[in-house]
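Commentary on secondary and tertiary structure
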Amino acid sequence: AQKITQTQPGMFVQEKEAVTLDCTYDTSDQSYGLFWYKQPSSGEMIFLIYQGSYDEQNATEGRYSLNFQKARKSANLVISASQLGDSAMYFCAMRGMEEAGYGQNFVFGPGTRLSVLP
Amino acid sequence: NAGVMQNPRHLVRRRGQEARLRCSPMKGHSHVYWYRQLPEEGLKFMVYLQKENIIDESGMPKERFSAEFPKEGPSILRIQQVVRGDSAAYFCASSPIPDSGFSYGYTFGSGTRLTVV
């Protein structure tokens, strides 16, 4: 079974500074994908960034980067130059290829609420 | 090109009533996934459907909940005799045929927020 852990219920960061949101995962799959989603107060789920388990380079998307450490089973999200609009819930998720059935659904962590201070 | 469309955005039901949540997948997508988000929690998988077929309903509560994805029209998540504990946000996502595997990130709809009073 897959599991995602996000140990930071809430984080604060000063505007224009960088922040790291932690994510660790557990899976027996050899191939899997790791994702981060943002959920602002309006409620929609916004895809941010993806990292494949076999990708050698850390993923980057604009101000978002994923610090992937496979041996430690961690996939931390780094947001550089924080903006007020970054205040939201952030969810780490993974998707594997289970041996049986159709386990291609996402497993989500409990989320981290990020507050950016002016 | 419209994304995943869910309606209604907000739904209020009294205890014992039925709730019907609709999801229209992205154009060309014929796989639909439903997720539930309880307050202050992450999304939890409920059910995975293809047109006219339930593929995986391992996350669905055994009673009162059902889902369908007919040949024509949106996917429907139905909750009968709602209770206060059903209050949550319900999200739908879709993917194409063939699904691109584990590297594919779902596009979620904006969700339906169900409040049971």
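Given the structure is predicted, the values throughout are model-derived calculations rather than measurements.

Residues and elements named next belong to chain B. A sheet is described by the order of its strands in space; here four strands give the open sequence S1-S3-S8-S7, paired in antiparallel fashion. Two strands close off the open sheet at either side, each with one partner strand: strand S1 (5–7) and strand S7 (65–68). Looking at each pair of strands side by side, their axes are set apart by 15° on average, direction ignored. In this sheet, strand S8 (residues 75–79) lies alongside S7 in antiparallel orientation, the contact comprising four bridges. Considered in S8, the bridge of Glu68 is made with Ile76.

So, about the side chain of His29(B). Residue and element names in this part refer to chain B. Structurally, the position occupied by His29 is in strand S4 (residues 29–37). Judged by its relative accessible area of 12%, His29 falls in the buried class. Within polar-contact distance, the side chain of His29 engages the side chain of Ser94 at 2.7 Å. In this structure the side chain of His29 is engaged in a polar contact, spanning 3.4 Å, whose partner is the backbone nitrogen of Ser95.

A separate point is the pattern of salt bridges. Pairing between side chains of opposite charge can happen when their charged atoms approach one another. The full count for this structure, using the stated rule, is seven salt bridges over all chains. Beyond isolated ion pairs, a larger network of salt bridges with shared partners links Glu18(B), Arg20(B) and Arg78(B).

Our next topic: unusual backbone geometry. Residues and elements named next belong to chain B. At the junction of Asn7 and Pro8, the peptide bond is cis and its omega measures out at -5° in the coordinates. With respect to the helices and strands, the residue Pro8 is situated in the loop between S1 and strand S2 (10–13). At Gln81, a residue that is not glycine, the phi angle is positive and equals roughly 45°. Turning to its location among the elements, Gln81 is positioned in the loop between S8 and strand S9 (88–96).

Further remarks concern the confidence of the model for chain A. Within chain A, residue pLDDT values average 90, and 92% of them lie at 70 or more. Across residues 99–103 of chain A the pLDDT falls below 50, and counting only partners more than four positions away or on other chains, this stretch makes five contacts in the model.

This part is about the pairing of strand S9 (residues 74–79) of chain A. Residue and element names in this part refer to chain A. Here S9 lies mainly inside the structure; five of its six residues are buried. Relative to S9, strand S8 (residues 64–69) runs antiparallel, the two being bridged by six bridges. Bridged to Phe68 within S9 is Ala75. Hairpin connection of S8 to S9: four residues between the antiparallel strands, including Lys73 at a positive phi of 55°.

Looking at soluble globular proteins, one finds that nonpolar side chains tend to be buried together. Residues Tyr25(A), Trp36(A), Ile49(A), Leu77(A), Tyr90(A) and Leu114(A) are the most contacted members of the largest nonpolar core, which totals 24 residues. With four residues, strand S10 (residues 88–96) of chain A is the largest single contributor of residues to this core. If we skip the residues at most four places from it in the chain, Tyr90(A) touches Gln6(A), Leu21(A), Trp36(A), Tyr37(A), Lys38(A), Leu48(A), Leu77(A), Ile79(A), Gly111(A), Thr112(A) and Leu114(A). Core analysis: the next-biggest nonpolar cluster, separate from the first, contains 23 residues, Leu11(B), Cys23(B), Met26(B) and Tyr90(B) among them.

Here is what the cut-offs are and how they apply
- Residues numbered from 1 in each chain as written.
- Chains lettered and ligands numbered in written order.
- Predicted model: local features only at pLDDT ≥ 70, side-chain atom pairs only at ≥ 80, totals over all residues.
- Heavy atoms only, no water.
- Pairing = 2+ DSSP bridges.
- Helix = DSSP H or I, 4+ residues; strand = E, 2+ residues; numbered from the N terminus.
- Axes fitted to C-alpha atoms, helices over the stretch in contact; angles between N-to-C directions.
- Buried < 20%, exposed > 50% of the residue type's maximum accessible area, 1.4 Å probe, protein only.
- Polar contact = N/O pair within 3.5 Å; in protein donor to acceptor, adjacent residues only side chain to side chain.
- Salt bridge = Lys/Arg side-chain N within 4 Å of Asp/Glu carboxyl O.
- pLDDT = per-residue confidence, 0-100.
- Contact = heavy atoms within 4.5 Å.
- Core = buried A, V, L, I, M, F, W, Y, C linked by side-chain atoms within 4.5 Å.

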